[in-house]
Amino acid sequence: MTRRHLLVALPLTFMVALLAVLYGRVAIAPGSFLQPLLHTLTGTMASPRASEVIVVGSGLAGLTAALEALNSGTPKVCLLERAAKPGGNSIKASSGINGAPTRFQNITGKEEAEAAQSFLDDTIRSAGSRLANSGGKLARSQREVLISTLTSHSAEAIEFLSDLGVDLSVVAQLGGHSHARTHRGSGKTPPGAAIVSTLLQTLAAKGDRFELVTGCEVTKLLTRAVPGSPGQPAAVEVTGVEFRKDGELRILHGPVVFTAGGFAGDTQGLLAEYRPDLGGIPSTNEPRPGAHKILSDAGAQLVDMESVQIHPTGFIDPASPQTPLKFLAAEMLRGEGGILLYNHRRFVNELNTREHVSSAIMGLPPAAVEDSSSSSDAADGSPPPPLRQFPVKLILDEGVHRHTQGHVGFYLWKGLMQMKKVSELDVSMQAALTDYAAIVRGDKSDELGRTAFGHWRLGVDRPVEPDDEVLVGDVTPIVHFTMGGALTNEHGQVLASGLGDDPRPLAGLWAAGEITGGLHGDNRLGGSSLLECVVFGRIAGRQAAAQQASQKASIYL
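In this text, all values refer to a predicted model and were calculated from it rather than measured experimentally.

1. As for the packing of aromatic side chains
Logical step 1: One pass over the structure, following the stated rule, counts 8 aromatic pairs.
Logical step 2: Ring centres 6.5 Å apart and planes at 75° place the aromatic pair tyrosine 342 and phenylalanine 347 in the edge-to-face group.
Logical step 3: A residue is classified by how much of its surface remains accessible, and tyrosine 342, at 21% relative accessible area, is partly exposed.
Logical step 4: Assessed through its relative accessible area of 21%, phenylalanine 347 is described here as partly exposed.
Logical step 5: On the basis of an interplanar angle of 45° and a centroid distance of 6.1 Å, the ring pair of phenylalanine 410 and tryptophan 413 is categorised as tilted. On the criterion of helical spacing, the pair formed by phenylalanine 410 and tryptophan 413 is a turn pair, its members being 3 residues apart in helix α14 (residues 405-414).
Logical step 6: Residue classification places tryptophan 413 among the exposed positions, given a relative accessible area of 67%.
Logical step 7: Following the ring pairs from residue to residue traces out a cluster consisting of Phe315, Phe327, Phe410, Tyr411 and Trp413.
Logical step 8: Seen from the ring of phenylalanine 481, arginine 524 lies directly overhead, with NZ or CZ sitting 4.1 Å from the centre.

2. A closer look at the environment of proline 312
Logical step 1: Among the structural elements, proline 312 can be located in strand β12 (residues 308-315).
Logical step 2: Of the residues examined, proline 312 reaches a relative accessible area of 0% and is grouped as buried.
Logical step 3: When the C-alpha atoms of proline 312 and alanine 329 are compared, they prove to be 8.7 Å apart, with 17 residues separating the residues in sequence.
Logical step 4: Sequence-distant contacts of proline 312, that is, excluding residues within four places in its chain, are made with Arg334, Arg354, Val357, Ser358, Ile361, Thr476 and Pro477.

3. Notes on the confidence of the model for the chain
Logical step 1: With 87% of its residues at a pLDDT of 70 or more, the chain has an overall mean of 89.
Logical step 2: Note on residues 12-48: pLDDT under 50 across the span, and 64 contacts to partners over four residues away in sequence or across chains.
Logical step 3: Counting interchain partners and residues more than four positions distant, the pLDDT-below-50 stretch residues 552-557 has 15 contacts.

4. Description of the pairing of strand β16 (residues 469-482)
Logical step 1: Among the 14 residues that make up β16, 12 are buried, leaving the element largely enclosed by the rest of the structure.
Logical step 2: Inspection of the sheet shows β12 paired to β16 by 6 bridges, in the antiparallel sense. In the strand pairing of β16, valine 308 is matched with threonine 482.
Logical step 3: Sheet topology places strand β14 (residues 392-397) next to β16; 6 bridges connect them, and they run antiparallel. The partner of leucine 394 across the bridge, within β16, is glycine 473.
Logical step 4: One ladder, built from 4 bridges, connects strand β15 (residues 418-421) with β16; its direction is antiparallel. The partner of glutamine 418 across the bridge, within β16, is valine 472.

Calculation rules
Residues numbered from 1 in each chain as written. Predicted model: local features only at pLDDT ≥ 70, side-chain atom pairs only at ≥ 80, totals over all residues. Heavy atoms only, no water. Phe/Tyr/Trp six-rings, centres within 6.5 Å; stacked < 30°, edge-to-face > 60°. Buried < 20%, exposed > 50% of the residue type's maximum accessible area, 1.4 Å probe, protein only. Helix = DSSP H or I, 4+ residues; strand = E, 2+ residues; numbered from the N terminus. Lys NZ or Arg CZ within 6 Å of the ring centre and 35° of its normal. Contact = heavy atoms within 4.5 Å. pLDDT = per-residue confidence, 0-100. Pairing = 2+ DSSP bridges.

Here is the structure:
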């Protein structure tokens, strides 16, 4: 090659390499001379990293995806979390995780097939009109495949966690379920905390192959255009993420699993945009913006964004009744036999779906509206709407207490529930307890339709006595979970196409958990939140690891 050829070739080679870095196709080796130049051109310091699996969000879906990717052979997983500590909302989950059929249900043979079918049927029924009126066979089929994937992998999810050492030996029936299938441990640690802590310990044992970065904010997904087939538009491939940490903008390259959670805490943002009618309803979620725009900016389709779950029971703290952030009164309290009273009478089947029970409570006269100006103002400076609460009584007996001690002990310590003798209750409330006991004994049927009573024993083996004790707490419906989000397929791939359209996955991008939409429809069954995190987190982690393995080794410059 002549000197003239070299003078032409070297700048061209340099520019091609630099463009490759800018568009995320190669990594820059530590100390490379290109780092400061790229920093000057882009305003950010390029990450000196080779391609790796990137997980955004450290709730159960993210932790599961990270572990599954590592177990599938990927050499490195980097998990990015905006909070100071990992765990997300998953660590607060209190009722359990669904699964059927499992060895903890003590069923065999034909009963196993029936258990699997009934779980599928219950989930389809719970999805309601969003499934039934999906707008065409393809749209309905897409939803049904997601539901089938969830329920058919549920037993496998329970075994996966059990093999890691999580105790899931106690099985209860929650609202909207036709059978007991919600698993939790026999100890005092709530299931969410038990599962998350076990996964964090397992990931920590992976050493340098796993990196957790907390206190960082993902700002966008890195993408590149991919030429489409003849007659088709160009597609989009996600090649990594841009995030901010300690005031510095950084980039990572590799396949992305997005598990950043829902928007139930985005009171003045997405929640106000899609469900302004819920203004003033308390929440179990700490205030924080949803991450959905990051996905939609990359081409993801958002579905069911108006579908927001109101949980029937959040505790009204007697010491601070106007606080908009509430502790959840776990659904398993009702599943184990607890009842709800309004004006000293039962008014709803406590084991109906969350949607139904919440609607029944919110159909009652609300409490007097009080100013909620102590909570955060909106971004435009306007005050939040007045707090809306619908107080009803949650009652547990000693039988329920014995089987929920881990939860109830915390509620008593926080002052959210009080122990009272029956003689301290209003006479009409005592009559409600006696009537419920007759239903539990089988002396009469429940006109409200309840047929499962957990471990309620008050008045069952002997008459109710004045010195018998019950636990009492005030509860109100709260914003708890968002069913809308990025549309995915059964492989966890985020779709650039809507429901009913021919699926067009966004290459290099998967999602799992509450950030996704299309699975639950109108209502999520209790216990299926943790389940979807495990089922689709594992699927997404495997898929991302496979893509990372198939990519050519990063080129170091």
